[in-house]
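# Notes for the structure review
If you want the building blocks of each chain, they are given just below.
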Amino acid sequence: SVPLAYFMADDFYHESAYTVILGLSLAASMPLSWNLSLVAIPGSGRVMSVLLGVPETTSVSIHKAVAWSAVFWASLHAFGEIVYICVNKDESCSDTFLKGDYRYLYWAGAVSALLLLAHVAIALSRRKIENFVSFHRAIAGVLLTFATIHWWPFLFFLCPAVAVFATSSALQRYGGGF
């Protein structure tokens, strides 16, 4: 609610319907960032289940719930950005993506959105995919990399997930009963 209040308090975000959409889209990026960072933690191995004292199935359920929440916030963020960039701008949408000052930011966001769509499709067909977990983790890593390129402060959101994953990997490799 703080990002929404921040954006809605600025007069710029009251100029038109498009700027309201942009404000909502930018506000959606904050819960999206938290969800993307949190979704990686339960998927980091058994260590979170052990630390939280919950069965692995509960950890997987948490992962799925947070993932669907991330999809919701990503849809809101991407849709709002696309509407603002492609409908409201003085320049064409292709000029924004090809010549604009922030083209790398937009490209990284577009690739992130496409990777998330691919990730959703993969998750929905997980029973049909051999080695699903390995494939799922690889796509997730690429998605999180492009999300970080899109908005570099996201790197700080990923620190807890990276720490849990590294701890889990070390414990699995060098012992510790996990």
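Conventions we followed
- Residues numbered from 1 in each chain as written.
- Predicted model: local features only at pLDDT ≥ 70, side-chain atom pairs only at ≥ 80, totals over all residues.
- Heavy atoms only, no water.
- Helix = DSSP H or I, 4+ residues; strand = E, 2+ residues; numbered from the N terminus.
- Buried < 20%, exposed > 50% of the residue type's maximum accessible area, 1.4 Å probe, protein only.
- Contact = heavy atoms within 4.5 Å.
- Areas by Shrake-Rupley, 256 points an atom, 1.4 Å probe, with all protein chains shown as cover.
- Lys, Arg positive; Asp, Glu negative; His and termini not counted.
- Charge placed at Lys NZ, Arg CZ, Asp CG, Glu CD.
- Axes fitted to C-alpha atoms, helices over the stretch in contact; angles between N-to-C directions.
- Parallel < 35°, antiparallel > 145°, perpendicular 65-115°, else oblique.
- Left-handed = near helix turned anticlockwise from the far one by under 90°.
- Nonpolar A, V, L, I, M, F, W, Y, C, P; charged D, E, K, R; others polar.
- Core = buried A, V, L, I, M, F, W, Y, C linked by side-chain atoms within 4.5 Å.
- pLDDT = per-residue confidence, 0-100.
- Phe/Tyr/Trp six-rings, centres within 6.5 Å; stacked < 30°, edge-to-face > 60°.

## As for the overall build of the chain
- Looking only at helices and strands, one finds 8 helices and 0 strands in the chain.
- Secondary structure elements in the chain, listed N-terminal to C-terminal, are α-α-α-α-α-α-α-α.
- Projected onto its principal axes, the C-alpha coordinates of the chain cover approximately 60 × 35 × 25 Å.
- Taking all 178 residues of the chain together, 34% fall into the buried category.
- If you take every contact in the chain between residues at least 6 apart in sequence, the share linking residues at least 24 apart comes to 64%.
- When the accessible area of the chain is evaluated, it comes to approximately 10,800 Å², of which 69% is carbon and sulfur surface.
- Placing the 10 positive and 10 negative side-chain charges of the chain at their respective mean positions leaves the two points 21 Å apart.

## Some points on the side chain of Glu81
- Turning to its location among the elements, Glu81 is positioned in helix α4 (residues 56-88).
- Setting aside residues up to four positions removed in sequence, Glu81 forms contacts with Leu22, Ser25 and Leu26.

## Side note on the packing of helix α2 (residues 17-39) against α4
- The N-to-C vectors of α2 and α4 enclose an angle of 150°; their axes lie 7 Å apart at closest approach. When the axis of α2 is compared with that of α4, the two are roughly antiparallel. With respect to the hand of their crossing, α2 and α4 are arranged in left-handed fashion.
- For the contact of α2 with α4, the residue count by class is 19 nonpolar, 9 polar and 1 charged.

## Some thoughts on the nonpolar core
- Membership of the largest hydrophobic core comes to 14 residues, with the highest contact counts inside it found for Leu32, Leu36, Leu116, Leu144 and Phe154.
- Elements with a contribution of two residues or more to this core: α2, α4, α6 (103-124), α7 (132-150) and α8 (154-174).
- Those residues within four positions of Leu144 in sequence are excluded, and the remaining contacts are Leu36, Ala40, Phe154 and Leu158.

## A word on the confidence of the model for the chain
- Looking at the chain as a whole, the pLDDT averages 85, with 93% of positions reaching at least 70.
- Taking the mean pLDDT of every element in the chain, the minimum, 73, falls on helix α5 (residues 93-98) and the maximum, 92, on α6.

## Focus on the packing of aromatic side chains
- The tally for this structure, following the rule as stated, stands at 6 aromatic pairs.
- Summarising the aromatic geometry, the rings of Trp152 and Phe156 are spaced 6.0 Å apart at their centres and angled 70° between planes, so their arrangement reads as edge-to-face.
- Three or more aromatic residues joined by ring pairs make a cluster, and in this case those are Trp34, Trp151, Phe154 and Phe157.

## Let's talk about the environment of Val71
- With respect to the element layout, Val71 can be found in helix α4.
- For Val71, a relative accessible area of 18% puts it in the buried group.
- Residues Val71 and Pro160, 89 residues apart in the sequence, show an inter-C-alpha distance of 20 Å.
- Those residues within four positions of Val71 in sequence are excluded, and the remaining contacts are Leu116 and Val120.

## Looking at the packing of α6 against α7
- Across the interface, α6 lies against α7 with an axial gap of 8 Å and an inter-helix angle of 160°. With respect to their mutual orientation, α6 and α7 come out roughly antiparallel. For the element pair α6 and α7, the recorded crossing hand is left-handed. Residues Leu105, Ala108, Gly109, Val111, Ser112, Leu115, Leu116, His119, Ile122 and Ala123 of α6 lie in contact with α7, whose contacting residues are Phe132, Phe135, His136, Ile139, Ala140, Val142, Leu143, Phe146, Ala147, Ile149 and His150.
- Broken down by class, the residue content of the contact of α6 with α7 amounts to 16 nonpolar, 5 polar and no charged.

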